[in-house]
Amino acid sequence: MAEHEHVRVAVVGSGFGGLGAAVRLRREGVTDFVVLERADSVGGTWRDNSYPGCACDVPSHLYSFSFAPNPDWPRTFSGQEHIRAYLEHVTDVFRLRPHIRLNSEVKRMTWDSEKLRWDIETASGRLSADLVVSATGPLSDPKIPEIPGLDSFPGKVFHSARWDHDYDLRGKRVAMVGTGASAIQIVPAVQPLARSVTLFQRTPPWVMPRMDREISGAERWLHRQLPFTSQVRRGLLWGIRELQVQAFTKRPNELGAVEQLAKRNMARAIKDPALRAKLTPDYRIGCKRILLSSTYYPALAQPNVDVVASGLSRVEGSKLVAADGTEAEVDAIVFGTGFHVTDMPIADRVVGADGRTLAEAWKGGMEALRGASAAGFPNWLSVIGPNTGLGNSSMILMIESQLNYLADFVRQLDVLGGRAALDARPAAVAAWNHRVQERMKRTVWNTGGCTSWYLDANGRNSTIWPGTTTEFRRATRRVDLAEYEVLRVPAHAEVTTV
């Protein structure tokens with residue numbers, strides 16, 4: 001990277017959001033951009049999460065870009081290796097590699113109010129950019145809880161998103177901490193290999209069957225020869241999920257029938273009444289993400305698996321002690337304890353117009369106009385920003401909506417001409433978030449009786465979008481200049497790009 005490189009746009013991250021932003025910029029005629037990636041390859045969370053059994057819980061034909069359909073998905077629910085290969089394919093097809101700066105973790109980015117640009121310090125050098133697109137994603141920085149005594153544990157410790165493939169779990173006594181989307185895939189994969197598996201469960205999840213199957217050669221041939229059939233398949237998958245939204249956002253009580261289906265799914269595999277009691281949630285289904293697995297419950301019923309219905313409290317040598325006093329001697333601890341979602345580390349590295357970091361600005365909770373623009377951070381857009389998450393559908397739909405917003409943001413800057421920047425007005429951000437939070441009040445995520453990673457430290461849901469993907473697409477189709485302050489280079493400032 002050149003010592004004083006200046007680009008029009010700097011994209012941070014090369015997962016779905018970052019690569020999608022790069023493709024959209026190219027389609028808008030913008031070629032003066034870089035993609036800053038901290039790792040040595042693209043892929044984001046689908047590069048980092050390579051644990052045994054890792055797969056997506058959204059159907060393959062919906063969990064892909066609309067502008068880059070893949071007729072050759074091998075299964076209805078794709079595994080991690082297939083999704084990562086898809087992202088590498090997108091990178092090559094759209095000729096993005098010349099724009100990508102690998103091993104270039106962003107250390108600091110600071111807004112220069114005199115020159116209307118972002119000064120960026122990375123692990124591979126410095127550069128500046130007129131516009132920053134932050135696509136680091138909420139599932140990028142693993143979270144391991146502070147457990148007394150963990151530092152002295154003599155065995156192996158790692159997070160599901162940092163799997164140690166050099167460590168052989170065969171014949172080992174393994175502790176799985178957490179019962180989220182990763183854990184329900186890891187346990188069935190590890191159980192046949194391990195001497196024993198002890199699952200530390202603070203809160204049981206609702207688990208529905210995962211209707212996964214191989215996509216036949218005939219289906220794939222049809223999708224290759226008649227691309228509209230793939231579009232129809234995608235449209236049906238999307239439509240079904242759009243129809244489900246009302247129950248999550250307006251009529252949570254209607255989800256009771258779904259709970260009965262989940263209980264029957266459990267009863268088919270778990271015959272022990274005591275174990276069923278441990279695994280039965282006491283909150284409304286949908287309050288936490290509904291998980292999909294046809295192998296989780298059968299694995300828990302195996303004789304070498306023990307479910308501890310209490311969180312891990314402390315570690316004493318190789319002995320793990322749960323909050324209820326249950327003890328287990330183990331050789332390895334795997335944390336499936338999620339990510340820094342509402343306290344993303346990137347926020348500590350972004351310094352806005354008033355000298356505050358984004359983390360300081362979001363101390364009371366994350367807020368961004370239309371999920372993209374934070375007040376006081378001009379020409380800075382996030383992809384998968386606050387209140388853009390989904391509880392039942394594909395995040396790629398939300399990403400593409402935010403890419404529409406990015407495209408119009410660039411167009412508006414072009415129309416304004418000269419060196420200009422757009423800074424979201426605090427009143428506009430507040431109004432947008434007030435509407436979102438008012439709608440959130442009656443959703444299952446707020447009323448379902450659970451504590452989830454959707455909520456921040458203040459108990460505020462700053463993660464989920466309380467509506468359909470269609471509504472969000474309408475809301476992000478255009479940039480409303482009335483919601484922004486237009487900034488110009490001060491007359492006394494030296495105009496330079498180096």
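Anything mentioned here points back to the structure above.
Heads up: these notes are all about the structure in this document. Quantities reported herein were computed from a predicted structural model and do not represent experimental measurements.

On to the overall build of the protein chain, then. Along the backbone of the protein chain there are 14 helices and 20 strands. Taken against the 2.2 N^0.38 rule, which gives 23 Å for 498 residues, the C-alpha radius of gyration of the protein chain at 23 Å falls within 12% of a compact globule. If one aligns the C-alpha atoms of the protein chain with their principal axes, the spans along those axes are about 75 × 55 × 45 Å. Counting across all 498 residues of the protein chain, residues that qualify as buried make up 56%. Counting contacts in the protein chain only where the partners sit at least 6 residues apart, residues at least 24 apart contribute 74% of the total.

Summed over the entire model, instances satisfying the criterion amount to 15 aromatic pairs. Ring geometry for F16 and Y63: centres 5.2 Å apart, planes at 75°, overall edge-to-face. Taken together, the residues span a long stretch of sequence, with F16 in helix α1 (residues 16-27) and Y63 in the loop between α2 (45-48) and α3 (80-93) at a distance of 47 residues. On the basis of relative accessibility, which here comes to 12%, the residue Y63 falls in the buried class. Here the aromatic residues F16, W46, Y63, F65, F67, W73, Y86 and F94 are joined through ring pairs into a cluster of three or more.

In terms of nonpolar packing, the biggest core is built from 105 residues, with F16, Y297, L300 and L406 touching the most fellow members. Here the element with the most residues in this core is helix α11 (residues 395-416); it accounts for 11 residues. Each residue touching F16, except ones within four places of it in the same chain, is listed here: W46, Y63, S64, F65, I83, Y86, L87, I396 and I399. Core analysis: the next-biggest nonpolar cluster, separate from the first, contains 27 residues, A10, W111, W118 and A347 among them.

So, on to the pairing of strand β13 (residues 312-316). Two strands pair when backbone bridges link them, and β13 and strand β14 (residues 319-322) are joined in this way by 4 bridges, in the antiparallel orientation. Residue pairing for β14: V315 is matched across the bridge by L320. Linking β13 back to β14 in an antiparallel pair, the connection comprises 2 residues, with G317 at a positive phi of about 65°.

So, on to the state of the cysteines. Here the structure, examined in full by the defined rule, presents 1 disulfide. Note on cysteine connectivity: C287 is disulfide-linked to C450, with sulfurs 2.0 Å apart. Judged by the torsion about the S-S bond (-90°), the C287/C450 disulfide is left-handed. Placement of the pair is C287 in the loop between α8 (273-279) and β11 (291-292) and C450 in the loop between α13 (444-447) and α14 (469-475), with a sequence separation of 163 residues. In this structure C287 comes out as buried when scored by relative accessible area, which is 0%. In this structure C54 is not part of a disulfide, and its nearest cysteine sulfur, from C56, lies 8.8 Å away. Residue classification places C54 among the buried positions, given a relative accessible area of 6%. Its relative accessible area of 3% is what places C56 among the buried residues.

What follows deals with the sheet that holds strand β9 (residues 196-200). The 5 strands lie next to each other as β7-β16-β8-β9-β12, forming an open sheet whose pairing is parallel. Each of the sheet's edge strands pairs with one partner strand only, and the pair in question is β7 (156-159) and β12 (305-308). The sheet shows a mean angle of 15° between the axes of neighbouring strands, taken without regard to direction. Of the strand pairs in this sheet, strand β8 (residues 173-177) and strand β16 (residues 332-335) are connected by 4 bridges, and their pairing is parallel. If you follow M176 over to β16, its bridge partner there is V334. Helix α4 (residues 183-190) rests against β8, β9 and β16 of the sheet, and its axis sits at about 170° to β8.

In this section: the sheet that holds β13. Here 3 strands make up an open sheet; going across it, the order is β13-β14-β15 and the pairing antiparallel. One side of each edge strand has no neighbouring strand; the edge strands of this open sheet are β13 and β15 (327-329). Here the strands of the sheet are splayed against their neighbours by 25° on average, with no regard to which way each runs. Two elements, β14 and β15, share 3 bridges in a ladder whose sense is antiparallel. Bridge pairing in β15 places K319 opposite E329.

Glancing now at the pattern of salt bridges. Under the counting rule described, the total for this entry stands at 36 salt bridges. The shortest N-O distance in the salt bridge between D331 and R173 comes to 2.9 Å. Residue D331 is found in the loop between β15 and β16, and its partner R173 is found in strand β8; the two are separated by 158 residues along the sequence. The exposure class assigned to D331 is partly exposed, which follows from its relative accessible area of 21%. Each of R24, E28, D408 and R411 takes part in a single network of salt bridges with overlapping partners.

Looking now at the packing of α1 against α3. Contact pair α1 / α3: the axes reach a minimum separation of 11 Å and the direction vectors enclose 20°. Put simply, α1 runs roughly parallel to α3. With respect to the hand of their crossing, α1 and α3 are arranged in left-handed fashion. Counted together, F16, L19 and V23 of α1 and I83, Y86, L87, V90 and T91 of α3 form the full contact between these two elements.

Parameters and conventions
Residues numbered from 1 in each chain as written. Predicted model: local features only at pLDDT ≥ 70, side-chain atom pairs only at ≥ 80, totals over all residues. Heavy atoms only, no water. Helix = DSSP H or I, 4+ residues; strand = E, 2+ residues; numbered from the N terminus. Rg over C-alpha atoms; globule rule 2.2 N^0.38 Å. Buried < 20%, exposed > 50% of the residue type's maximum accessible area, 1.4 Å probe, protein only. Contact = heavy atoms within 4.5 Å. Phe/Tyr/Trp six-rings, centres within 6.5 Å; stacked < 30°, edge-to-face > 60°. Core = buried A, V, L, I, M, F, W, Y, C linked by side-chain atoms within 4.5 Å. Pairing = 2+ DSSP bridges. Disulfide = S-S within 2.5 Å. Axes fitted to C-alpha atoms, helices over the stretch in contact; angles between N-to-C directions. Salt bridge = Lys/Arg side-chain N within 4 Å of Asp/Glu carboxyl O. Parallel < 35°, antiparallel > 145°, perpendicular 65-115°, else oblique. Left-handed = near helix turned anticlockwise from the far one by under 90°.

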